[in-house]
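Structural overview
Chain by chain, the residues:
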Amino acid sequence: MSVFNQSRKNVIRLIFLAAFAVILLQLINLQLVSSKYKKLAQENAILRKVVYPSRGIIFDRKGKAILDNTTMYDLMVTPSQVKGIDTASLCRILDIDTAEFRERVISAIIKNTRNRPSVFSALLSPDKYAKINENLYKFQPGFFLQERPVRIYPFNTAANILGYLSEVDSNFLKKHANEGYQMGDYAGMTGMERSYEKVLMGERGIQYILKDNLNRPKGPYENGAYDTAAIAGKHLYTSIDVELQKLGEKLMENKIGSIIAMDPKTGGILALVSAPTYNPNLLTGSERRKHFNELYRDPALPLLNRAVNATYSPGSTFKTLQALIGLHEGVITTGFRVACSGAFYGCGGGKPMKCLDKGVFDLRGAITISDNTYFATVMQRVMNNPKYPNQDSALAVWDKYMYAFGLGHRLGIDIPTEKRGHIPTPQYFDKIYGQGRWNYCNFRSVSIGQGEVDVTPIQVVNEMAFIANKGWYHIPHLVDSIEGGDKFGLLDPYKKVITPTDIPDSIFEAVHDGMQGVVERGTGIGAKIDGITICGKTGTVENYYKGVKQPNHSFFCGFAPRDNPKIAIMCVVENSGHFGGTFAAPICGLMIEKYLKDSISGDARKANLDRLSKLNLIPPRIYKELRTRDSLDHLKDTAYLKKTGYWKTTTDTLETDDEPDLKAEKTKSRKSDKDSSNTPAKIKPDAILPDNKKKATKDSINI
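This next bit is on helix α17 (residues 426-433). Along α17, the residues classified as buried are Pro-426, Phe-429 and Asp-430. Buried residues of α17 fall within an arc of 110 degrees about the axis and therefore sit on the same side. With respect to the buried face of α17, the exposed residues turned more than 90 degrees away are Gln-427 and Lys-431. Of the surrounding elements, those touching the buried residues of α17 are α16 (391-404). Phi turns positive, to about 100 degrees, at Gly-434, one or two residues after α17.

To continue, consider the packing of aromatic side chains. Per the counting criterion, the structure on display carries 22 aromatic pairs. For the pair Tyr-401 and Phe-405, a centre-to-centre distance of 6.2 Å together with 45 degrees between the ring planes defines the contact as tilted. When its relative accessible area of 0% is taken as the criterion, Phe-405 is described as buried. With centroids separated by 6.4 Å and ring planes inclined at 70 degrees, the aromatic side chains of Phe-466 and Tyr-473 adopt a geometry described as edge-to-face. Judged by its relative accessible area of 0%, Phe-466 is buried.

Okay, the state of the cysteines next. One pass over the structure, following the stated rule, counts 1 disulfide. Paired through a disulfide, Cys-347 and Cys-441 show a sulfur-sulfur distance of 2.1 Å. On the sign convention where negative means left-handed, the S-S torsion of about -95 degrees between Cys-347 and Cys-441 marks this disulfide as left-handed. Here Cys-441 lies in the loop between α17 and α18 (457-468) and Cys-347 lies in the loop between β14 (343-344) and β15 (353-354), a separation of 94 residues in the sequence. This cysteine, Cys-557, is not joined by any disulfide, and Cys-588 carries the nearest cysteine sulfur, 8.1 Å off. With relative accessibility at 0%, the residue Cys-557 sits in the buried group. Residue Cys-588 stays outside any disulfide, its sulfur separated by 4.8 Å from that of Cys-571, the closest cysteine.

The next thing to look at is the pattern of salt bridges. A full pass over the atoms with the stated rule returns 19 salt bridges. Across the salt bridge formed by Asp-185 and Arg-204, the nearest N and O atoms sit 2.6 Å from each other. Separated by 19 residues along the polypeptide, Asp-185 in the loop between α7 (170-175) and β7 (186-188) and Arg-204 in the loop between α9 (197-200) and β8 (205-211) bring together distant segments of the chain. Looking at Asp-185, the relative accessible area reads 1%, which means it is buried. Linked by salt bridges that have partners in common, Arg-364, Lys-470, Glu-509, Asp-513 and Arg-562 make up one network.

As paired strands, strand β18 (residues 535-545) and strand β19 (residues 548-560) are joined by 10 bridges and run antiparallel to one another. For Tyr-544, the partnering residue across the bridge sits in β19 and is Lys-549. The antiparallel hairpin formed by β18 and β19 contains 2 residues in its connecting segment, where Lys-546 sits at a positive phi of about 50 degrees. Of the strand pairs in this sheet, β19 and strand β20 (residues 567-573) are connected by 7 bridges, and their pairing is antiparallel.

The next thing to look at is the packing of helix α13 (residues 319-329) against α16. Close contact between α13 and α16 brings their axes to 11 Å; oriented N to C, the two are set at 125 degrees. By the angle between their directions, the pair α13 and α16 is classed as oblique. Seen from above, α13 lies across α16 with right-handed handedness. Listed contacts from α16 to Leu-321, Gln-322, Ile-325, His-328 and Glu-329 of α13 are Val-397, Trp-398, Tyr-401 and Met-402. Across the contact of α13 with α16, the residue classes tally to 6 nonpolar, 2 polar and 1 charged.

Within the element layout of this structure, Pro-126 appears in helix α5 (residues 126-134). What makes Pro-126 exposed here is its relative accessible area of 67%. With 53 residues separating them in the primary sequence, Pro-126 and Tyr-73 have C-alpha atoms 8.8 Å apart.

Conventions we followed
Residues numbered from 1 in each chain as written. Predicted model: local features only at pLDDT ≥ 70, side-chain atom pairs only at ≥ 80, totals over all residues. Heavy atoms only, no water. Buried < 20%, exposed > 50% of the residue type's maximum accessible area, 1.4 Å probe, protein only. Helix = DSSP H or I, 4+ residues; strand = E, 2+ residues; numbered from the N terminus. Arc of directions from axis to C-beta. Contact = heavy atoms within 4.5 Å. Phe/Tyr/Trp six-rings, centres within 6.5 Å; stacked < 30°, edge-to-face > 60°. Disulfide = S-S within 2.5 Å. Salt bridge = Lys/Arg side-chain N within 4 Å of Asp/Glu carboxyl O. Pairing = 2+ DSSP bridges. Axes fitted to C-alpha atoms, helices over the stretch in contact; angles between N-to-C directions. Parallel < 35°, antiparallel > 145°, perpendicular 65-115°, else oblique. Left-handed = near helix turned anticlockwise from the far one by under 90°. Nonpolar A, V, L, I, M, F, W, Y, C, P; charged D, E, K, R; others polar.

Have a look at this one:
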């Protein structure tokens, strides 16, 4: 053999050896190093299925489940395996077209990649589930059914307390990046579902299912050796009395406002009513998105929890706090008397601040009669107290009292989006009038709960608990205990007794005397109940909406019984146009009777309950807004929602990224739109919200 041939032979051998080495190394890589093809093989042979745990159940104070679980199914898709399936049949079952089918698959890829399962159609109705389950073999391996625990509300009540669940989106995942959520999960968005999400959610499990060569499930992979069990969420035990809650919602039908009842000894909320409300079952199940869109667009904003989000001037209910400050600061005594000839003239030539009752009143009588002149004089004395060098420092001291009473800041109730209200400070008036250019006469209406002071309903009921307890309170809360213990310390703030002042019991007793007189012979006699001593205070609150004066709000707050109080309560009926004793007081009286006696007794009391629940006190502006909305072809227009403020007000207040599915609404048939427009609208009016509220420029008459 020639040298040339011998050399060529060696080269060929080297080429074959190199090729063999490359193949060997690649085999080693594929078998021992790379997991790519192993994953592909497993995806063809093994189905990885997320097992969602049951969320914790929420119970009322008597052990009744007010929020429970049922089971529904999601249709899941793995985009990389959607090949050769009966697309037309699936579209017919889901009532979608092929364009939407493609859009959903693309959306799944964007959200969760091609190789991971995503929700294709969430929370199937029983009818759709049955049809898909029967024909599932046509849609495999790309589609499978996955169980999903779904919330149900057995009493159809307490929507704004309990909150709702929604599928997480990219914004939610960014905010909660280290909390284990992934696309397709559901999380609490509002109410207790949001506040106690970490204990209610439980822990997801994983199940591996072996498939045959036709992608049909055969059974657990490796007998379940690699499966992890789902861990159910923990139950919550609340202070809510569901029967009292239902009564409150009944009394507030066709009205706007709120009722809050609380145990003053513990701070536990017994009932928290926000009107208008809605059936919480509307925001669960297969029709959730449709109902959310309807509620979101409602100009009455029923998704808002007015008990913690709406703010009001407190009106004459504020006078009890003025009495405490005046007595404790020593600028008056219980025997201090003021003569009222029909108005307060303490600011000289300015327009007098009117009052309804002429006469001479001491402290107890002034609370009972709700005399404006008396409490305007009290606050003027506080502002001119000689022990403070100027009115800046006097107002700062007054502010400290109000903050101690729980006003001007968030109390910390265990549902989200609580508002802080507003207590005016020296800095606030400096910005308005200029430093040193203001005095008491610039804000005299604050003395009777008007002008620059704002409170939330939860703050009002808390101040009643503070007065009932003679100087202390617990932060209002809904949850008393958590199954298995409070390992996250969520309940720690509510166990502390808060004693913010050193006001002696004798001062509280004097205020109690006046408040008892309100119910027994004064403006709050509508709350009177035989055999129960109630201390209360009415308020008739002037208010404006977009610069236009509205009918007065009706306020009442109080506690009972006077000795050993068991319930503190407040009610506001917005724009009723009547005094606080006309509607709010009798509503509170019925709530107190129901809680303390467990029933409403006597034909007259039952007839009054029926009368109040049937009263329609919706202000005219709500009807006007509703007619305007219905007459415009902008219900599905994003620009219209933003322009009118519905979008911003709702998203800001709920602190949720959940938005109406405008695109889905637009694709609905004309017939569906026509049917919904022909359905008589149930009026669900709005509250006076912070962004819309404008202060009165005139002094008010309050009782």
